[in-house]
Amino acid sequence: TPLLRRRRLHAECVVLLAEGRREDARHLLTAYWQEAAAQKLPPFAEDGAFLLARLAEAEGRSADALRWYREVHQRYGRAQYAVWVSRAAAARLRVDQEALLRRARQLEYDSLSDPLTEVPNRRAFDANLPRLVGDAQAAGAPLSLAILDVDRFKRVNDTHGHLVGDEVLRTVARLLREHTRTADRCARYGGDEFVLCLPAGRREAAAAVARIVRAVADHDWERVDDELAVTITA
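Worth saying up front: this structure is predicted, and the values here are computed from it rather than measured. The numbering scheme is per chain: residues are counted from 1 as the chain's sequence reads. The predicted origin of the model limits local features to residues at a pLDDT of at least 70 and limits the giving and counting of side-chain atom pairs to 80 or more, whereas totals for whole chains, interfaces and linings rest on all residues. As a convention, hydrogens and water are excluded, and side-chain values are obtained from all of the structure's heavy atoms.

Enquirer: How would you sum up the packing of helix 6 (residues 153-160) against helix 7 (residues 162-178)? Please name residues and give values.
Expert: A fitted line through C-alpha atoms represents every axis, and for helices the fit uses only the stretch in contact; the resulting angles, taken between N-to-C directions, go from 0 to 180 degrees. A helix here means a DSSP run of H or I that spans at least four residues, while a strand means a run of E at least two residues long, and both kinds are numbered starting from the N terminus. For the pair helix 6 and helix 7, the least separation of the axes is 7 Å and the interaxial angle reads 140 degrees. By the criterion of interaxial angle, the relationship of helix 6 to helix 7 is oblique. Contact residues: Phe153, Val156, Asn157 and His160 in helix 6; His162, Val164, Gly165, Val168 and Leu169 in helix 7. Amino acids outside the nonpolar list (Ala, Val, Leu, Ile, Met, Phe, Trp, Tyr, Cys, Pro) and the charged list (Asp, Glu, Lys, Arg) are all regarded as polar, and Gly is one of them. Partitioned by chemical class, the residues of the contact of helix 6 with helix 7 number five nonpolar, four polar and no charged. Each angle receives one of four descriptions, namely roughly parallel if under 35 degrees, roughly antiparallel if over 145, roughly perpendicular if within 65 to 115, and oblique otherwise. Throughout, a contact is declared for two residues whenever any of their heavy atoms are within 4.5 Å.

Enquirer: With reference to specific residues and values, describe the sheet that holds strand 4 (residues 232-233).
Expert: Spatial ordering of the open sheet is given by 2-3-1-4, a layout of four strands whose pairing is antiparallel. This sheet does not close on itself; its edge strands, each paired only once, are strand 2 (186-190) and strand 4. When DSSP finds at least two bridges between two strands, those strands are taken to pair. Bridging between strand 1 (residues 144-150) and strand 3 (residues 193-198) involves six bridges; their strand directions are antiparallel. Across the sheet, aspartate 149 pairs through a bridge with glutamate 193, a residue of strand 3. The strands that helix 7 touches are strand 1, strand 2, strand 3 and strand 4; relative to strand 3, the one it contacts most, it runs at about 5 degrees. Running at roughly 20 degrees to strand 1, helix 8 (residues 202-218) makes contact with strand 1, strand 3 and strand 4 of the sheet.

Enquirer: Lay out helix 6 with the relevant residues and their values.
Expert: With a 1.4 Å probe rolled over the protein chains alone, any residue whose accessible area is under 20% of its type maximum counts as buried; one over 50% counts as exposed, and the rest are partly exposed. Regarding helix 6, the residues found buried are Phe153, Val156 and Asn157. All buried residues of helix 6 project into a common sector of 95 degrees when viewed along the axis, lining one side. Along helix 6, exposed side chains directed more than 90 degrees from the buried face belong to Lys154, Arg155, Asp158 and Thr159. Its buried side turned inward, helix 6 meets strand 1 and helix 7. Think of the arc as the fan of directions from the helix axis to the C-beta atoms.

Enquirer: So what's going on with helix 7? Residues and values would help.
Expert: One fewer than the residue count of a helix, multiplied by 1.5 Å, yields its expected span. Spanning 17 residues, helix 7 covers 24 Å between terminal C-alpha atoms, matching the ideal 24 Å at 1.5 Å per step. Inspection of helix 7 places Val164, Gly165, Val168, Leu169, Thr171, Val172, Ala173, Leu175 and Leu176 among the buried residues, and these make up the whole buried set. Where helix 7 is buried, its residues contact strand 1, helix 6, strand 2, strand 3, helix 8 and strand 4.

Enquirer: A description of the environment of aspartate 151 should follow, citing residues and the corresponding values.
Expert: Counting through the fold element by element, aspartate 151 comes out in the loop between strand 1 and helix 6. According to the relative accessible area criterion, aspartate 151 is buried, its value standing at 18%. A C-alpha to C-alpha distance of 6.5 Å links aspartate 151 and threonine 233, two positions 82 residues apart in sequence. Polar contacts here mean pairs of N or O atoms no more than 3.5 Å apart (in protein, one a potential hydrogen donor and the other a potential acceptor; neighbouring residues in sequence count only if both atoms are side-chain atoms). Among the polar contacts listed, one links the side chain of aspartate 151 to the side chain of threonine 233, at a separation of 2.6 Å.

Enquirer: For the side chain of serine 144, give the residues involved together with the corresponding values.
Expert: Relative to the assigned elements, serine 144 resides in strand 1. According to the relative accessible area criterion, serine 144 is buried, its value standing at 14%. Within polar-contact distance, the side chain of serine 144 engages the backbone oxygen of glycine 201 at 3.5 Å. Residue contacts for serine 144: discarding those within four places in its chain leaves Leu196, Cys197, Leu198, Ala200, Gly201, Arg202 and Ala205.

Enquirer: Go over the pairing of strand 2, please, and point to the residues and values.
Expert: Looking down a regular strand, the side chains alternate between one sheet face and the other. Summarising the sheet, strand 2 and strand 3 pair through four bridges and their orientation is antiparallel. Across the sheet, residue arginine 188 finds its bridge partner in strand 3, namely phenylalanine 194. Connecting the antiparallel pair strand 2 and strand 3 is a turn made up of two residues, with glycine 191 showing a positive phi of about 60 degrees.

Enquirer: Before we move on, could you go through the packing of aromatic side chains and cite the residues and values that matter?
Expert: By convention, a stacked pair of Phe, Tyr or Trp rings (six-membered ring in the case of Trp) has centres within 6.5 Å and planes under 30 degrees apart, an edge-to-face pair has planes over 60 apart, and any other such pair is tilted. Counted under the stated rule, the structure contains one aromatic pair. Ring plane angle 85 degrees and centroid distance 6.3 Å describe the contact between phenylalanine 125 and tyrosine 189, whose orientation is recorded as edge-to-face. With a gap of 64 residues between them, phenylalanine 125 in helix 5 (residues 122-139) and tyrosine 189 in strand 2 connect regions that are remote in the sequence. For tyrosine 189, a relative accessible area of 23% puts it in the partly exposed group. Sitting over the face of the ring of tryptophan 68, arginine 67 holds its NZ or CZ atom 4.5 Å from the ring centroid. We count a charge as sitting over a ring when the NZ of a lysine or the CZ of an arginine lies within 6 Å of the ring centre and within 35 degrees of the ring normal.

Enquirer: An account of the nonpolar core is requested, with residue identities and associated values reported.
Expert: One finds Val150, Val168, Val172, Leu176, Leu196, Val230 and Ile232 to be the most contacted residues of the largest nonpolar core, which totals 28 residues. Elements that contribute at least two residues to this core include exactly strand 1, helix 6, helix 7, strand 3 and helix 8. No other element matches the seven residues that helix 7 contributes to this core. In contact with isoleucine 232, other than residues within four places in its own chain, are Leu148, Asp149, Val150, Asp151, Val172, Leu176, Ile212, Val213 and Val216. Here, nonpolar core refers to any group of buried Ala, Val, Leu, Ile, Met, Phe, Trp, Tyr and Cys residues whose side-chain atoms link them within 4.5 Å. Membership of the second largest hydrophobic core comes to 16 residues, among which are Cys13, Trp33, Leu52 and Leu55.

As structure tokens, then:
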């Protein structure tokens, strides 16, 4: 094939130069270069101009060597520079794309997560509820919904301060999350209200909620603040 023939010719020229047969190498290289230039082939891929420059340099023809080295720069250097620029641009695009994807994921998480308690918010729960109901119906399994709120939460804020109130909500959310199987079944529904979606019938769900209520009441709240006691009601 033409490609194999050019590669063989290139290899022959390298051997001729190594053997010091400069006249034969010049003849073959000149013929090769004329053919490559006529067909608008990328000679830099075959290293033809570089071999001609080395030949001229070996023969003491400095001006010709400089001309061929300039040819190498013009053809290979610019082409390689364009490749480097393209690769750099592609790398920047990949970095920008990854940053945008991370930002999009973060925004999606922020829009569906309560920033204080880090459990799903009402929007996320409302979006997940049809799926949970559909899965339960498809499986013929029971599903129960429970809404719980922190008792006298305003008094907690007024007596102990809003920072303590925030910690109460975070702790209640953690305790609720610990008693649910998956994160999408527990959400802060607003204010001091939380909602649970339990894969259980009424009696089993009531028992599970009672355990959660006891867990919240039995928590060592005085570690959060002195004389603090917190209970929840379903």
